[in-house]
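# Descriptive analysis of the structure
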Amino acid sequence: MNRLEKHLEEYLALRKALGFKLRTIDSSLKDFVNYATTKNSTIITTKLALSWAIKPAGANPKWWAYRLRLVHHFARHVRGIDPQDEVPPLGLLPYLHRRVPPHIYSEEEMLRILKAAKELPSRNGLRGLTYSTLFGLLWGTGLRISEALALNRDNVELTNQLLTVHNGKFGKSRLVPVAPSVATALEYYACNRDRIIVKPRSDSFFLTIIGTRPTSAVAQLTFRQICCKIGLRNPLEKKGPRIHDIRHTFAVRELIHLHNGEDRDIDKGLHALSVYMGHLRPSSTYWYFSAVPELMGLALVRLDATGRSL
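Residues numbered from 1 in each chain as written. Predicted model: local features only at pLDDT ≥ 70, side-chain atom pairs only at ≥ 80, totals over all residues. Heavy atoms only, no water.

A rise of 1.5 Å per residue sets the reference length of helix α10 (residues 245-260), with its 16 residues, at 22 Å; its end C-alpha atoms lie 22 Å apart and thus fit the reference within 8%. The buried count for α10 comes to 12 of 16 residues, which makes it a mostly enclosed element. Listed as buried for α10 are Asp 245, Ile 246, Arg 247, His 248, Thr 249, Phe 250, Ala 251, Val 252, Leu 255, Ile 256, Leu 258 and His 259. (Helix = DSSP H or I, 4+ residues; strand = E, 2+ residues; numbered from the N terminus. Expected span 1.5 Å × (residues − 1). Buried < 20%, exposed > 50% of the residue type's maximum accessible area, 1.4 Å probe, protein only.)

In structure tokens form, the structure reads like this:
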């Protein structure tokens, strides 16, 4: 194991211990270290990082900037141990990140989505039941799709109308109360799931037709196919309403309710919503004010009425 390999092993272990999900970071930085080895380099230099980052040729500049950012943060860690390494400046491959404006689903659109999901064909009838309940849960709670699919049976307390989300984004766990109607729908699903799959191959709350845990990739593909079928997406275009926009819709709906209330404490309500949704900080919740014109309008009306900012 050479010097950079040792530093990378320590760096990845540290990030994992802090609750970060490595995802592509692990494989990408290992590729960088291998690239450094082929160049007979055991230290990080700006030239080395830049030559690796702009591969493959012709890729999206966003991808190049992402690769350089990975090396930048890794190099900061290494330089803290040994000052001979260079930290490549992020400005070498600038890319202005813009969050995709969310599609806010109307109630009529969501009802069409749930109806189409319920009609998904399968040999035992579980596929339609699973996806209609899954998408309905996202609609009623604002969970991330990864959080909903990670739920195990013992994470769903139907009597107490409570979900336990473990190891969500940034490694955070939280309790998520659900409305009685959501709890009733989950109970209906659980009864029929157990009737159809007597011996499941997973302790997952949601099951596929063969008794395994559904994957996020398949759930998102299924959602896109449904949106194309009912006319919400153009099958010939890559962009369109996403499954994650259900979470955005939940947040916007709750913020509108909060602003339309007469006696509610807005600051307290925003903080509570931020905690409920598992945001890292309240500023993530405030983003919706700039992303959704209706919310900005409501905020301005309240600002005029109170004479103070949010």
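Once that is clear, we can look at the nonpolar core. If you look at the biggest cluster of nonpolar residues, it comprises 50 residues, and the most contacted ones within it are Ile 113, Leu 134, Phe 135, Leu 137, Leu 143 and Leu 163. Of all the elements in the fold, those that place two or more residues in this core are α5 (107-118), α6 (126-141), α7 (145-149), β2 (162-165), α8 (180-196), α9 (216-229), α10 and α11 (266-277). The dominant element in this core, judged by the number of residues it contributes, is α6, at 8 residues. Leaving out residues up to four positions away in the same chain, Leu 134 has contacts with Ile 145, Ala 148, Leu 149, Phe 206 and Ala 219. (Core = buried A, V, L, I, M, F, W, Y, C linked by side-chain atoms within 4.5 Å. Contact = heavy atoms within 4.5 Å.)

This next bit is on the side chain of His 7. Here His 7 is to be found in helix α1 (residues 3-17). Sequence-distant contacts of His 7, defined by excluding residues within four places in its chain, comprise Phe 74, His 77, Val 78 and Ile 81.

A separate point is a nonpolar patch on the surface. Together, Leu 14, Leu 18 and Phe 20 give the surface a local cluster of nonpolar side chains, amounting to about 290 Å² of exposed area. Counting through the fold element by element, Phe 20 comes out in the loop between α1 and α2 (24-38). On the basis of relative accessibility, which here comes to 36%, the residue Phe 20 falls in the partly exposed class. (Patch = residues over 30% accessible without salt bridge, like charges linked within 9 Å, V, L, I, M, F, W, Y side chains within 5 Å. Areas by Shrake-Rupley, 256 points an atom, 1.4 Å probe, with all protein chains shown as cover. Salt bridge = Lys/Arg side-chain N within 4 Å of Asp/Glu carboxyl O.)

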